[in-house]
Amino acid sequence: MTDRYAVLGNPVEHSLSPLIHSHFAKVTGQDLSYERILVPQGKFEEIAGEFFAQGGLGCNITVPCKIDALNYAKANGDLSENAQTVQAVNTLKHQDGKVYGENTDGGGLCFDLKRLQCPLTGSNLLLIGAGGAARGILRALLQEGALSIAICNRTFEKALELVRMTKDERVTALPFDKLEGRFEVIINASSSSLHKTLPPVADEICKEALFAYDLMYTPQGKTVFTEHFARWGVKACDGLGMLVSQAALSFKLWRDVMPDIEQTLDYLRKDVLK
Ligand code: NDP
């Protein structure tokens, strides 16, 4: 029987995960199917339970179900240390009647930053946003050796809350208008680009950066955020590489094979997103 995988969330119809994982399976010669499963509000436990009872081997979890997935793994198996710290799960693996919960978002981002030769280790980093994505990547950025991380967010209280949660003296929260000094790396984990707006970071700070990254992605690989930095001559990349890399880390957890990121990015940009 073909091994079954899925993405669970709401909405899921626009998720690229089925295309990405089917491509991974094709190029690595793995026999598996990957489907989209819509989770009605409050039904995560029921839907995930049904999927695993029918032999499902693993799933990715997208908004708004990452906390439900955390609780599901807690009750039905185990959590990685990383998922426990981040308090969100984006990957479930079903094995020996138990479900294991992991979060590959932070690992995926760092994998992509390395691919892009971002000077992360030893840098002062500005992280914009304090939602689920920022929470998911903060620990991995610290583990990769960021010297300091300043968090700015439209709602300042949420940035403060993230700092309190992280309990690491390298992390601080600052209002946008109190930013000063140099940030070699600037990461946008807010939804500003979705609304075609720029976070209010002073031009002097943007100009001085060495590398900028927007978690949002577009078919052309450009967002208002990356375009803004490119104008100053700062290397700036969109988040498609993170999306593919976090998927690849899930695939590796399930199948013990690491797919080729560059080749998958080529496929997505040329054949899918065009
Ligand atoms: P959340 O809804 O959890 O958080 C949204 C964040 O963006 C909050 O910090 C919010 O601020 C801020 N925000 C929302 N609208 C605006 C705006 N108009 N201007 C400035 N800030 C704004 O979303 P996520 O954290 O899950 O996702 C954030 C972004 O990251 C999305 O664009 C998403 O597509 C992308 N993403 C990409 C991934 C990838 O693999 N490439 C993975 C995960 C996310 P406030 O607290 O004030 O509301």
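The paragraphs below set out a description of the structure included in this document.

Rules of the game
- Residues numbered from 1 in each chain as written.
- Predicted model: local features only at pLDDT ≥ 70, side-chain atom pairs only at ≥ 80, totals over all residues.
- Heavy atoms only, no water.
- Axes fitted to C-alpha atoms, helices over the stretch in contact; angles between N-to-C directions.
- Helix = DSSP H or I, 4+ residues; strand = E, 2+ residues; numbered from the N terminus.
- Parallel < 35°, antiparallel > 145°, perpendicular 65-115°, else oblique.
- Left-handed = near helix turned anticlockwise from the far one by under 90°.
- Contact = heavy atoms within 4.5 Å.
- Nonpolar A, V, L, I, M, F, W, Y, C, P; charged D, E, K, R; others polar.
- Near = heavy atom within 4 Å.
- Polar contact = N/O pair within 3.5 Å; in protein donor to acceptor, adjacent residues only side chain to side chain.
- Areas by Shrake-Rupley, 256 points an atom, 1.4 Å probe, with all protein chains shown as cover.
- Core = buried A, V, L, I, M, F, W, Y, C linked by side-chain atoms within 4.5 Å.
- Buried < 20%, exposed > 50% of the residue type's maximum accessible area, 1.4 Å probe, protein only.
- 1 Å grid on protein atoms, 1.4 Å probe; cavity = no way out; pocket = protein on both sides within 12 Å on 5 of 7 lines; lining within 4 Å.
- Points joined across faces, edges and corners; volume = space filled by probe spheres on them.

Bringing the packing of helix α1 (residues 17-28) against helix α10 (residues 240-255) into the picture now. Contact pair α1 / α10: the axes reach a minimum separation of 10 Å and the direction vectors enclose 55 degrees. When the axis of α1 is compared with that of α10, the two are oblique. The handedness of the crossing between α1 and α10 comes out as right-handed. From α1, Ile 20, His 21, Phe 24, Ala 25 and Thr 28 reach across to α10, where they touch Leu 243, Val 244, Ala 247, Ala 248, Ser 250, Phe 251 and Trp 254. Here the contact of α1 with α10 is built from residues that sort into nine nonpolar, three polar and no charged.

The subject of this paragraph is the site of the ligand. Around the ligand lies a shell of 18 residues, among which Ala 133, Asn 153, Arg 154, Thr 155 and Leu 215 are the nearest. The separation between an oxygen atom of the ligand and a polar main-chain atom of Gly 132 is 2.9 Å. Contact distances for the ligand include 2.8 Å between an oxygen atom and a backbone N or O atom of Ala 133. If the ligand stood free it would expose 930 Å²; the protein chains cover 75% of that surface. Elements represented by at least two residues in the shell around the ligand include exactly α6 (132-143) and α10.

Time to look at the nonpolar core. One finds Leu 127, Leu 141, Ile 149, Ile 187 and Tyr 213 to be the most contacted residues of the largest nonpolar core, which totals 31 residues. When contributions to this core are tallied by element, the ones reaching two or more residues are α5 (105-115), β7 (124-128), α6, β8 (148-152), α7 (156-166), β9 (171-173), β10 (185-188) and β11 (211-214). Ranked by size, the runner-up nonpolar core spans 21 residues in total, among them Phe 44, Phe 52, Ala 69 and Val 99.

The computed volume of the second largest pocket comes to approximately 160 Å³. If you trace the second largest pocket, you find it lined by Thr 85, Val 86, Arg 135, Leu 138, Arg 139, Leu 142, Leu 162, Met 165, Thr 166, Lys 167 and Asp 168. When residues of the lining of the second largest pocket are traced back to their parent elements, those giving at least two are α4 (81-86), α6 and α7. Take the lining of the second largest pocket: its biggest share by element is four residues, from α6. Here the residues of the lining of the second largest pocket are counted per class, giving five nonpolar, two polar and four charged.

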